[in-house]
Each structure stands twice: as C-alpha cells, then as structure tokens.
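# Examination of the molecular architecture
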Amino acid sequence: MTTVSLDDYRAVAPKGTVEFLRCLAQRARGRTFLHVNSTRHGGGVAEILHRLLPIMTELGVDARWEVIKGDAAFYGVTKAFHNALQGQDQAITKEMLDVYAATNTANARDLSLEGDLVLIHDPQPAPLIEHRPGKGKWVWRCHIDLSNPQREAWRLLRKYVARYDAAVFSLPRFAKRLYIPQFLVYPSIDPLSEKNRDLCEGELNGTLERLGIPRDKPILLQVSRFDRFKDPIGVIDAYRLVKRHKDCRLILAGGGADDDPEGAAVLAEVREAAGTDPDIHILELPFSAHLEINALQRAATIVLQKSLREGFGLTVAEALWKGKPVVGGAAGGITVQVIYDVTGYTVNSVEGAAFRIRYLLNNPDLIAKMGEAGREYVRQEFLITRHLADYLTMLIVLTK
Ligand code: UDP
C-alpha cells in the first residue's frame, strides 16, 4: 500500500479539515503524545492507533505507542473485569486484583512512560497511573460500554481512574461521577486505509472468490470478534427468521484479539449454532485481513452489528461509509451511528432484527437511500481527521 499523507484527506474529509488540522498542529508541534493499550492487533483501539500515529507524526507531534504485556492469567482477569464493567455478573477476587496490579507494576518497569500527554486506553493498563513519572498529564481513555457496570467492578476501577488528570469517554452516557474533567470523543475510521478505501470491481470480485462467497443472493454480514457481547448467536437466529421468507446468505466474519481469551469458545458455539446450513459462512480471519473485510462490507446488502453491549462499534461506521444500512443492537455507540430510519435501524431483540432486515430487503430503494445518508453522516462525524482534531485539541489544552 502507498503511504498516505494528510493532503490525501482533502478528497474525502469535509472542506477545510486539512487546513484546520495544520493550524492546530502548529500549536502542538514538538510535544510528546504517548498512547498505551494492551494489544497491537485486534479490536477497534489498535485499529485506530495504527492509523492515527503516522498522521500525528506527519503533523510534527512526537507520537508514541506502548503496549503492555501480560500472561494468560492477566488476560483472564482483565477479560473478567471487562465483562463486569459492561454489566455481566462476574466475581472479582483479591487474587485477581493482585495479578492485575502486579502485571501493571512489571510493565511500568519495562515501558517508557514519559510524555507531555499520556493516554491510557481502557481498563487493562489503568493501574499504570500508580507509576506515573513526575512530569506530563495522564488521561484515561475509556472505549468500553460503561453505561451499566457491576458496581463493585466500577468501584475497583474508579480508584485508579480518579487519580488521572482527566477521562475521555465515547458517549455522554458512559461518563461517571468523578472529580476530574471528562471529555467526549467519538472514535473514527480511516477512509484511506486498506479496510475502507474504494475497491475496483476486479479487487472486490477476486477477494470474494478467494473467500468462497458467491453473490447470487442478498448478503447479511456481521464483522466482529467472537465475543458474546456481539451476540453472534442472536445474529444466526435473526437470519433464520428472515430466511423463512427471503432467501439470503449470512456471513459472520471475525477473528480474535491478543487480549481476548474467550474467542475460541464463542467461535465453537457459533459453529454449533450454524450447523450444516450452506448459506451461513463463518470466516475466521487473521487480524491482517483488512482487504477481505473491506470487500465483505462492500458485497453485503445489509450489515448487522447486533451487539448487546458496545463501546462504539467501528464496524458500524465502516459499513455506513461503504453505503450500507446497518441493523444494530441498541447498545452504546451503535445508537449514535445508526440514526433510526435514516442510516439504519437499532433493534432490541432477535425478532426486531429479523423484522428490520426483511423490511429493508423488501425495499431496495430504501437500502440505497440509507446507504447514501450513512456515508455522508460518517464523513461529517466519524472520520479520523475529526478524531485527530479532538486529540490535538486535548494535547494543546492539557499541556500548555
Ligand atoms: N475487525 C477485524 N477483524 C476481525 C474482527 C474485527 O479487523 O476479525 C476489525 C473491525 O473491522 C473493526 C475493529 O476490528 O475495525 C473492531 O472494532 P469495534 O469497535 O467494532 O469492536 P471491538 O472489537 O473494539 O469491540
């Protein structure tokens, strides 16, 4: 892939965006902006950081990215913690908390945590705050759905979060009672990345052929890690209800993330639920399969993201950008991306999802109209250029 530079975004971002970013960058030049998360591959956070850092660097910011390391026990603990914070019943024991804190202490020794602004992404590295160097502002960036956490889990995490200089959430609804400033920043997609760039017919057809996906009937697609919060079984159930009336294919495409130990078990459940239906395609993709996901999203008739909890749901913005209506769970960030009856439908049940999928399949003109609206909405709100402006502003304001 050719390297992308800021000027290339003139063709896709709203008018004036590149000039605005250059003005902001003049005030942020030379400052160090360190990001810390828990995986370099898999999931939305890594996806964004891979794209954001090179442009920040081009703009003269000293942008760095560190990844904490842990063993299976640590990721078991942080996944349990993640589930509890998103509202699932989950016991968090003292031993688990010890593993959580000790792994972060070990990482604090190994990583270079200096920066004018240090953005700590998600709960996994949150305890690093105990080891902050004397200089620099520390901000906790939350990407998960904190609308309804297990109280005890939030109480435990809050002890760390309260020590930061500020917190950033993806939705106003996720903000918490804290005595530090809280910011709202929507995540974003990169329209020029391999995952989102335009594809020519040849690339599209070739990729689908390699994946073994015929285009003989409408395609329903969900792209996501095999995670229960993404409700892949609910997707299969909805497809089965639709299939009684309308012939279609279902593709569930996903892979794991380095920091998600539950993927294999969920994938096995999904395979079992799919049975021998030749029109259900379960595609296990490596994290590098950007072109494949791009092609699948473009080939889809309707994209589903039937999550029960969702921090933001980048897959929704990715689909809208490709002109696809989205039928998504009424959860977290899906609710700001899916404007009901305009860019898609939010649903609260398997039956609701099936109803809206059938409704759209029976109204192809509406599919096209919603697709157009979705792309424009993403252009205004959810492109990486807007995200960059938000982060540069934070850097300027917090590190004067
Ligand atoms: N993704 C991917 N391969 C997969 C599953 C997901 O590349 O097998 C990408 C997907 O296209 C999106 C991101 O990972 O860019 C997932 O972000 P999202 O916010 O939807 O969910 P998260 O995994 O962060 O909960």
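## Some remarks on the sheet that holds strand β6 (residues 182–184)
In spatial order, the strands read β2-β1-β3-β4-β5-β6; together these six strands make up an open sheet with parallel pairing. Where the open sheet ends on each side, the last strands, each with one partner, are β2 (62–67) and β6. The average angle at which neighbouring strand axes cross in this sheet is 20°, direction not considered. Summarising the sheet, strand β3 (residues 117–121) and strand β4 (residues 137–141) pair through five bridges and their orientation is parallel. Following the sheet pairing, L119 is matched in β4 by V139. Here helix α2 (residues 44–58) sits on the sheet in contact with β1 (32–37), β2 and β3, set at roughly 155° to β2. On the sheet, helix α14 (residues 384–398) packs against β1, β3, β4, β5 (166–169) and β6 and is oriented at approximately 130° with respect to β3.

## Some words on the pairing of strand β11 (residues 326–329)
Note: strand β10 (residues 302–305) against β11, three bridges, orientation parallel. When the bridges of β11 are listed, Q305 appears paired with G328. For the crossover from β10 across helix α10 (residues 314–321) to β11, the handedness is right-handed. Pairing of β11 with strand β12 (residues 344–347), which is carried by four bridges, proceeds in the parallel orientation. Pairing of V327 across the sheet is with Y345, part of β12.

## Details of the side chain of S307
In this fold, S307 is placed in the loop between β10 and α10. Among the polar contacts made by the side chain of S307, one reaches the side chain of E310 at a distance of 2.7 Å. Those residues within four positions of S307 in sequence are excluded, and the remaining contacts are F229, K230, G329, A331 and I334.

## Quick notes on the site of the ligand
Close to the ligand lie 16 residues; K195, R225, K230, G255 and E318 are nearest. G44 is positioned such that a nitrogen or oxygen atom in its backbone is 2.8 Å from an oxygen atom of the ligand. Summarising the interface, the protein chains cover 89% of the accessible area of the ligand, which totals 540 Å² for the free molecule. Contributions of two or more residues to the shell around the ligand are made by α2 and α10. It is α10 that provides the largest number of residues to the shell around the ligand, a total of three residues. Across the shell around the ligand, the residue classes tally to three nonpolar, seven polar and six charged.

## What to know about the packing of aromatic side chains
Per the stated rule, a full pass over the model turns up twelve aromatic pairs. Ring geometry for Y186 against F382: centres 5.4 Å apart, planes inclined by 70°, an arrangement best described as edge-to-face. In this pair, Y186 is assigned in the loop between β6 and α6 (201–211) and F382 in the loop between α13 (364–381) and α14, connecting sequence segments 196 residues apart. Following the ring pairs from residue to residue traces out a cluster consisting of Y186, F312, Y377 and F382. Its guanidinium or amino end placed over the ring of W154, K176 lies 5.9 Å from that ring's centre, counting from NZ or CZ.

## Things to note about the sheet that holds strand β7 (residues 219–223)
Pairing is parallel in the open sheet, where six strands are placed in the order β9-β8-β7-β10-β11-β12. Two strands close off the open sheet at either side, each with one partner strand: β9 (280–284) and β12. On average, each strand axis in the sheet is tilted by 20° relative to the strand beside it, whichever way the strands run. With two bridges connecting them, β7 and β10 associate as parallel partners. Paired with L221 across the bridge in β10 is V303. Contacting β7, β8 (249–254) and β9, helix α9 (residues 290–299) crosses the sheet at an angle of about 145° to β7.

## Observations concerning unusual backbone geometry
Of note, the phi angle at D122 is positive, near 70°, even though the residue is not glycine. For D231, which is not glycine, the phi dihedral falls at a positive 50°. In this structure, D231 sits in the loop between β7 and α7 (232–243).

Procedures and definitions
Residues numbered from 1 in each chain as written. Predicted model: local features only at pLDDT ≥ 70, side-chain atom pairs only at ≥ 80, totals over all residues. Heavy atoms only, no water. Pairing = 2+ DSSP bridges. Helix = DSSP H or I, 4+ residues; strand = E, 2+ residues; numbered from the N terminus. Axes fitted to C-alpha atoms, helices over the stretch in contact; angles between N-to-C directions. Contact = heavy atoms within 4.5 Å. Right-handed = clockwise from strand over helix to strand, strands pointing away. Polar contact = N/O pair within 3.5 Å; in protein donor to acceptor, adjacent residues only side chain to side chain. Near = heavy atom within 4 Å. Areas by Shrake-Rupley, 256 points an atom, 1.4 Å probe, with all protein chains shown as cover. Nonpolar A, V, L, I, M, F, W, Y, C, P; charged D, E, K, R; others polar. Phe/Tyr/Trp six-rings, centres within 6.5 Å; stacked < 30°, edge-to-face > 60°. Lys NZ or Arg CZ within 6 Å of the ring centre and 35° of its normal.

Keep in mind these values describe shape, not function.
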